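Observations on the model geometry
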Amino acid sequence: MKRTLNFNIFRYNPQDPASHPHMEAYTLQETAGMTLFIALNQIRELQAPSLAFDFVCRAGVCGSCSMLINGRPRLACRTLTESLPDTITLLPLPTFELIADLSVNSGKWMRAMSERLETWVHSVEETDLDRIELPMDPDLAEHIYELDRCIECGCCVTACGTAQMREDFIGAVGINKIARFKADPRDQRNDQDYYAVVGDDDGVFGCMSLLGCQDVCPKELSLQTQIAYIRRKMAFAGL
Amino acid sequence: MKLIYTDVLVIGGGLAGMRTAIGVKRRGLDTLVLSLVPAKRSHSVAAQGGMQASLANCVKAAGDNEDIHFQDTVRGSDWGCDQQVARMFTHMAPKAVRELAAWGVPWNRVRKGEHEVVINGQRVTLTAPAKAHGLITARDFGGTKKWRTCYTSDGTGHAMLYTLGDQAVAASIPVEERKEAMALIHDQGRCYGAVVRDLISGELSAYLAKATVMATGGYGRIYGVSTNAIINEGIGQALALETGVARLANMEAVQFHPTAIVPAGILVTEGCRGDGGLLRDKDGHRFMPDYEPDKKELASRDVVSRRMAEHMRKGKGVASPYGDHLWLDITVLGEAHINKNLREVKDICQYFLGIDPSKEWIPVRPTQHYSMGGIRTDYRGESPWLSGLFACGEVACWDMHGFNRLGGNSVAETVVSGMLVSEYIADFCQKPENDLTVSTHLAAEFLQRETDKLKRLFTSSGDENAVAIRKRMEQILMEKVGLFRNGEHLREAVEELQQLLIRSRQISVASQAQGANPELVLAYRLPRMLKIAIGIALGALQRTESRGAHYREDHPERNDRDWLNRTLCHWNSEDDTLPVLDYEPLDVNTMELPPGFRGYGTKNIIEHPATEARQTQVDRITEAAPSDLNEQLMPFRHLLPEKYRGDNERLEDSNP
Ligand SMILES: Cc1cc2nc3c(=O)[nH]c(=O)nc-3n(C[C@H](O)[C@H](O)[C@H](O)COP(=O)(O)OP(=O)(O)OC[C@H]3O[C@@H](n4cnc5c(N)ncnc54)[C@H](O)[C@@H]3O)c2cc1C
């Protein structure tokens, strides 16, 4: 399995007047168990010290390192090179603001989405922290956690047909958040409140059901089900 | 010159920073948070197994309370911790879990009736009473007498950080992402904020604040293999050190976690063993009971890690191209349990090892994991030497962990200390004498200094390569300042790390990009990492005893007589290559739990002369069982903000 890998990597630093967008080629000897995290660091260490990319946890949980890997949005840290052909093309996620090379500002996008959808438990009561907590059904807690597992990596937004056309579309990530809070009895918002933030074409009604989102979600969230569910609820709420 | 003013500048957007920002905002102060990365991508998000709090809701937690949590924590610390702080912490932990529950964390809950669990390799049926149904449940973790670790599957850090991140958005707290603190602005023993670099544009600005909070996390990544996120490089500790005034403490106290996968070094949670997983050697033999008949796989991390290394030294490791390892066997837990409660572990095994952990054993070995040491603070989270500088979370040595932290106590610390420190900060800011009176000259001076440093890197003709120096630093720490230490290796480490620091002053940067520029970032961070590395190695060299995670083969005994103290570390001048160490004694006469045997690990203690008398005194007071026992043994409640002094209710109180 001693392969030579040929990388084609997008290079462009908008802050650097001398830089222009182009693809650059690098070659690397593959090693056993090599991930794109390892490969990109080797390229940076030995060939391209200024190459920008984002890794944080490097364990598939923080959502920093999504990029287009041979055309498909994926988490680079947990992509083994052995799962790829020997020519590997890496591009930054489109849809998000480019910082440089493979680094994009998905954090800014996600924060705006959170502000718009108010992705937090809305509750007016102050909790008495000395008292036993309110009970919650164990199955419900597990269900909420299931929806809470989104890592805001942006893959679903990149794979979304609507997001390509509508700049303000909230994407599957946003709709799933609404499903998460709607399932949570601690959030005292009602369907009308949710309708106010997702009941339009930039919200759940913009989805064209192409379901690229579900195909690429690294956490395998049931995005299709959640979108259908929220659409149904919002259709009623809008009547 | 760009100046930004706020009341409280929070540097770090992990659990500690977020909870602090929310706390000061609730007290009516203006605040903003800086983070190297989007806040929700901070290292905290990767915490897996859970958060300790003595709620006592599940069957195996019956009878748990703050006292037992306190004792476990002190034993875990190998008597290195500040017992008053540990008391404050264990009192607050249930409140913190309950607050997070109210804010949205979907904690796993108790289910009434019978359920099967695995204990000591055996399937056991437990029956949960109906009255506990729906309350927050807990799992077993190392070094604890009760099942006390609250969790959401094995994505606890994720659920907690997303909840706090969202609450910060709800509170309209600005979080400035991709901003790096480069220096603390200070004068005459008072901190006034920080010089900050925008990692996208490269611009430097001065942020001025009444209070500055370091919440920048640990320093694991200066080791070659670590479970930490790659941004945990100890920069926060280094910035405090570079003031020359603030002090770090116990930098040599570095934790190695027993179970990181080989070779990637990615953690699989202690929850694996807590839920019943076993450690096996090359013969498939479960070896931990041979060494630790009582706690077995669930002794504290320092002990389990050392036992594993000891066993591998006996030739019982599994040989691999990446060195020896052992096996973690969670097949005994069954697929259903893994799919529900250990799903990140399952993903990690699938993606990084190509195995199914419900069918195959996981290759693991002890790996750098946690920094007990950090910026020394008082119980209020403030530096005793640099007023206005606060620190909390992993970056701090608040000192509830001493020389070894228990699993589940760290995310608990981040939130508890955020709750407390934000109150003390608010009190500090409300005092007129702490108003911000800094001159813009001072800000300009610090800004200029950082500007010049960066300019020097761009124009330097030095011929040193940052990547090579970094690799060597990582290697030295791994080989000479690891799990087993000795004087000879530590001396070599201190010597060579100093050489590296000198060489690092000759690094030059080829790429001239002002904004995103990873080459530049490494160049200015590396000398800071080296200072931390030297602090660790020197602390370890001078501490001629073994305590918690700090183990000296040439001094295997815990020496309370000479070393019941905290190492303090400060850096006098920029040109120095060594910090200055001095020591802060721990007072046996005020301890609620005087030094003793931990109940696991090897018993090898040189006693402190005052221990026996104090123990007698403690026993006498305890036997008399006064209603204000805590007050008589070691008062701590008066240190807490008033609103947090109340007792924690438990099921046994509500249903007598
Ligand atoms: C894999 C893993 C699993 C773990 N699991 C558990 C567990 O189950 N239970 C438990 O109790 N503990 C666990 N821990 C430990 C725990 O996760 C950490 O100790 C804790 O999350 C640290 O939180 P923090 O807020 O102090 O720092 P972090 O979460 O590390 O946040 C640091 C913040 O500071 C910012 N920052 C750093 N430097 C700068 C700078 N110069 N300028 C601006 N910003 C800066 C970063 O961007 C980040 O936002 C685990 C640790 C690891 C490695």
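Residues numbered from 1 in each chain as written. Chains lettered and ligands numbered in written order. Predicted model: local features only at pLDDT ≥ 70, side-chain atom pairs only at ≥ 80, totals over all residues. Heavy atoms only, no water.

Some words on the domain arrangement of chain A
Residues and elements named next belong to chain A. Short version of the rule: These domain limits were set by an automatic method or by a database of domain assignments. Residue contacts are counted whenever heavy atoms from the two residues lie within 4.5 Å of one another. A quick way to say it: buried area is the sum, across both parts, of accessible area lost when two parts are put together, with a 1.4 Å probe. Think of a polar contact as two N or O atoms within 3.5 Å of one another; within protein, one of them needs to be a possible hydrogen donor and the other a possible acceptor, and neighboring residues in sequence only count if both atoms come from side chains. Numbering of helices and strands runs from the N terminus; a helix is a DSSP stretch of H or I covering at least four residues, while a strand is a stretch of E covering at least two. When residues are grouped by polarity, Ala, Val, Leu, Ile, Met, Phe, Trp, Tyr, Cys and Pro land in nonpolar, Asp, Glu, Lys and Arg in charged, and all others, Gly among them, in polar.
Per the domain assignment, the segments making up chain A are domain 1 (4-104) and domain 2 (118-237). A C-alpha centroid distance of 30 Å is found between domain 1 and domain 2. Listed by partner, the interface residues are 15 residues for domain 1 and 14 residues for domain 2. For the pair domain 1 and domain 2, the summed buried area comes to about 1,000 Å², and 60% of that belongs to carbon and sulfur atoms. Applying the counting criterion to the domain 1 and domain 2 interface returns four residue pairs in polar contact (both at pLDDT 80 or more). Contributions of two or more residues to the side of domain 1 that touches domain 2 are made by β3 (66-69) and β4 (72-75). Considering each element in turn, the side of domain 1 that touches domain 2 owes the most residues, four residues, to β4. Residues of the side of domain 1 that touches domain 2, tallied by class, amount to eight nonpolar, four polar and three charged.

Quick look at the packing of helix α14 (residues 487-504) of chain B against helix α15 (residues 518-542) of chain B
Residue and element names in this part refer to chain B. To keep things clear, this is the line we draw: Between N-to-C directions, angles cover 0 to 180 degrees, with each direction set by a line fitted to C-alpha atoms, over the stretch in contact for helices. The cut-offs work like this: below 35 degrees is roughly parallel, past 145 is roughly antiparallel, 65 to 115 is roughly perpendicular, and the gaps in between are oblique. In this scheme the handedness of a crossing depends on how the near helix is turned from the far one: anticlockwise by less than a right angle means left-handed, clockwise means right-handed.
Contact geometry for α14 and α15: axes closest at 9 Å, N-to-C directions at 160 degrees. Judged on the interaxial angle alone, α15 and α14 are roughly antiparallel. Viewed along their axes, α14 and α15 form a crossing whose handedness is left-handed. When α14 is examined against α15, the residues Gly487, Leu490, Arg491, Ala493, Val494, Leu497, Gln498, Leu500, Leu501 and Ser504 are found in contact with a partner set consisting of Pro527, Leu530, Lys531, Ala533, Ile534, Ala537, Leu538, Ala540 and Leu541. Of the residues contributing to the contact of α14 with α15, the split by class is 14 nonpolar, three polar and two charged.

Observations regarding a nonpolar patch on the surface
Test applied: Patch membership requires over 30% relative accessible area and the absence of a salt bridge. Like charges are linked within 9 Å, and nonpolar side chains (Val, Leu, Ile, Met, Phe, Trp, Tyr) within 5 Å. Computed with a 1.4 Å probe, the accessible areas rest on the Shrake-Rupley method; for each residue, only the protein chains presented here act as cover. Salt bridges, as used here, are contacts in which a Lys or Arg side-chain nitrogen is within 4 Å of a carboxyl oxygen on Asp or Glu.
Residues A:Met165, A:Met208 and A:Leu210 make up a contiguous nonpolar surface patch of roughly 340 Å² in combined accessible area. Position of A:Leu210 relative to the elements: it lies in the loop between α7 (191-198) and α8 (212-216).

What about the environment of A:Ser114?
Filter applied, for reference: For every residue, the accessible area obtained with a 1.4 Å probe (protein chains only) is divided by the maximum for its type, and the residue is called buried under 20%, exposed over 50%, and partly exposed between those limits.
With respect to the element layout, A:Ser114 can be found in helix α2 (residues 106-117). Overall, A:Ser114 belongs to the buried group, its relative accessible area being 1%. Residues contacting A:Ser114, with those up to four places away along its chain left out, are A:Thr119, A:Trp120, B:Lys40, B:Asp166 and B:Val169.

Brief notes about helix α4 (residues 156-170) of chain B
All names here are of chain B. Worth spelling out the cut-off: A helix is expected to span 1.5 Å for every residue after the first.
The first and last C-alpha atoms of α4 sit 21 Å apart over 15 residues, in line with the 21 Å expected at 1.5 Å per residue. Of all 15 residues that make up α4, 14 are buried, and the element is covered over most of its length. Where α4 ends, the next residue or the one after it, serine 172, has phi of about 55 degrees, a positive value.

Regarding the interface of chain B and chain A
Accessible area lost upon the coming together of the parts serves often as the stated size of an interface. Facing the 80 residues of chain B at the interface are 71 residues of chain A. For the pair chain B and chain A, the summed buried area comes to about 5,900 Å², and 51% of that belongs to carbon and sulfur atoms. Among the residues chain B hides against chain A, the three largest losses belong to B:Arg41, B:Val169 and B:Tyr351. Together they make up 12% of the total. Measuring nitrogen to oxygen at the nearest pair gives 3.5 Å for the salt bridge that ties A:Arg149 to B:Glu344. Scanning the region where chain B abuts chain A turns up 39 residue pairs in polar contact (both at pLDDT 80 or more). If you list the elements that add at least two residues to the side of chain B that touches chain A, you get α3 (83-103), α4, β7 (175-177), α10 (343-353), α13 (466-480), α15 and α19 (651-654) of chain B. In terms of residue count, the dominant contributor to the side of chain B that touches chain A is α4(B) (seven residues).

So, the site of the ligand
Residues and elements named next belong to chain B. In plain terms, the rule: It suffices for a single heavy atom of a residue to lie within 4 Å of a molecule or strand for the residue to be listed as near it.
The environment of the ligand is formed by 40 residues, the closest being Ser42, Ser44, Glu394, Ser410 and Val411. Between the ligand and the protein, one listed contact pairs an oxygen atom with a side-chain N or O atom of serine 42 at 2.6 Å. Taking arginine 405, its side chain carries an N or O atom lying 3.5 Å from a nitrogen atom of the ligand. Bound to the protein, the ligand loses 98% of the 1,000 Å² it would expose on its own. Of all the secondary-structure elements, those providing two or more residues to the shell around the ligand are α1 (15-26), β2 (31-35), β8 (179-187), β15 (362-371) and α11 (409-430).

Things to note about the side chain of A:Asn13
Considering the arrangement of structural elements, one finds A:Asn13 in the loop between β1 (4-11) and β2 (22-29). A polar atom in the side chain of A:Asn13 sits 3.1 Å from the backbone oxygen of B:Ala516. In contact with A:Asn13, not counting residues within four places along its chain, are A:Ser19, A:Ile99, A:Ala100, A:Asp101, B:Ala513 and B:Ala516.

Focus: the sheet that holds strand β11 (residues 248-249) of chain B
Residue and element names in this part refer to chain B. So the rule is basically this: Two strands are said to pair when DSSP picks up at least two bridges between them.
What the five strands build is an open sheet, ordered β18-β16-β11-β20-β21; its pairing is mixed. A strand with exactly one partner marks an edge of an open sheet, and here the two such strands are β18 (396-397) and β21 (580-585). Inspection of the sheet shows β11 paired to strand β16 (residues 374-376) by two bridges, in the antiparallel sense. For leucine 248, the partnering residue across the bridge sits in β16 and is isoleucine 375. Packed onto the sheet, α15 meets β11, β20 (565-570) and β21 and runs at close to 55 degrees relative to β21.

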